[in-house]
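Residue-level structure breakdown
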Amino acid sequence: MSNVRNIRDKTPESEKITINLGYVDLGRIDLLVQEGFYSNRSDFIRTAIRNQLDTQGDTVSRSIDRHTMELGLRDYAVADLEAIKDAGEMLHVKVVGLARIHPDVTPELALATIGSITVLGALQASAEVKTALADRIK
């Protein structure tokens, strides 16, 4: 056996999680398993999670888009921030290069729409907006 060696360690393809369920929910899951709709509890839970992720797919995609770093020049005008505000979302600015917040953007609008700013390069904004967002600038 001295000539046996691992070629590579196997990386797990999934992560184990633990959840707590009420007895009624657990009983309903067991009933569906017993009726053959799912092979076991884990199969039901995995399917439920995938279905929920599919339902929230657009939201996840928008969130990924908002959190991706942009390269070059990125302008933020009043119209851009108003659209984000109307959608009830927060913007997380991540730019490699120049991020420019237009001079007509008010500190109130910036606070209502910009959750964080990370700029590797330069940030151009009015002194008032920079002061209002000081705790959100990394």
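Note that the structure is a prediction, hence the values are computed from the model and not measured.

1. Some points on the packing of aromatic side chains
- One pass over the structure, following the stated rule, counts 1 aromatic pair.
- Judged by centre distance (5.0 Å) and plane angle (90 degrees), the ring pair of Tyr38 and Phe44 falls under edge-to-face.

2. Details of a nonpolar patch on the surface
- Residues Ile17, Ile19, Leu21, Ile49 and Leu53 make up a contiguous nonpolar surface patch of roughly 450 Å² in combined accessible area.
- You can see Ile17 is positioned in the segment before α1 (23-34).
- Overall, the relative accessible area of 57% leaves Ile17 in the exposed class.

3. What to know about the nonpolar core
- Core analysis: the biggest nonpolar cluster contains 17 residues, and Leu81, Val93, Ile101, Ile114 and Ile117 have the highest contact counts within it.
- Counting residues per element, the ones that place at least two in this core are α4 (78-86), β2 (91-101), α5 (107-113) and β3 (114-124).
- Considering each element in turn, this core owes the most residues, 5 residues, to β2.
- Ignoring anything within four residues of it in the chain, the contact list for Ile101 reads Tyr76, Ile114, Ile117, Leu123, Gln124, Ala125, Val129 and Leu133.

The rules behind the values
- Residues numbered from 1 in each chain as written.
- Predicted model: local features only at pLDDT ≥ 70, side-chain atom pairs only at ≥ 80, totals over all residues.
- Heavy atoms only, no water.
- Phe/Tyr/Trp six-rings, centres within 6.5 Å; stacked < 30°, edge-to-face > 60°.
- Patch = residues over 30% accessible without salt bridge, like charges linked within 9 Å, V, L, I, M, F, W, Y side chains within 5 Å.
- Areas by Shrake-Rupley, 256 points an atom, 1.4 Å probe, with all protein chains shown as cover.
- Salt bridge = Lys/Arg side-chain N within 4 Å of Asp/Glu carboxyl O.
- Helix = DSSP H or I, 4+ residues; strand = E, 2+ residues; numbered from the N terminus.
- Buried < 20%, exposed > 50% of the residue type's maximum accessible area, 1.4 Å probe, protein only.
- Core = buried A, V, L, I, M, F, W, Y, C linked by side-chain atoms within 4.5 Å.
- Contact = heavy atoms within 4.5 Å.

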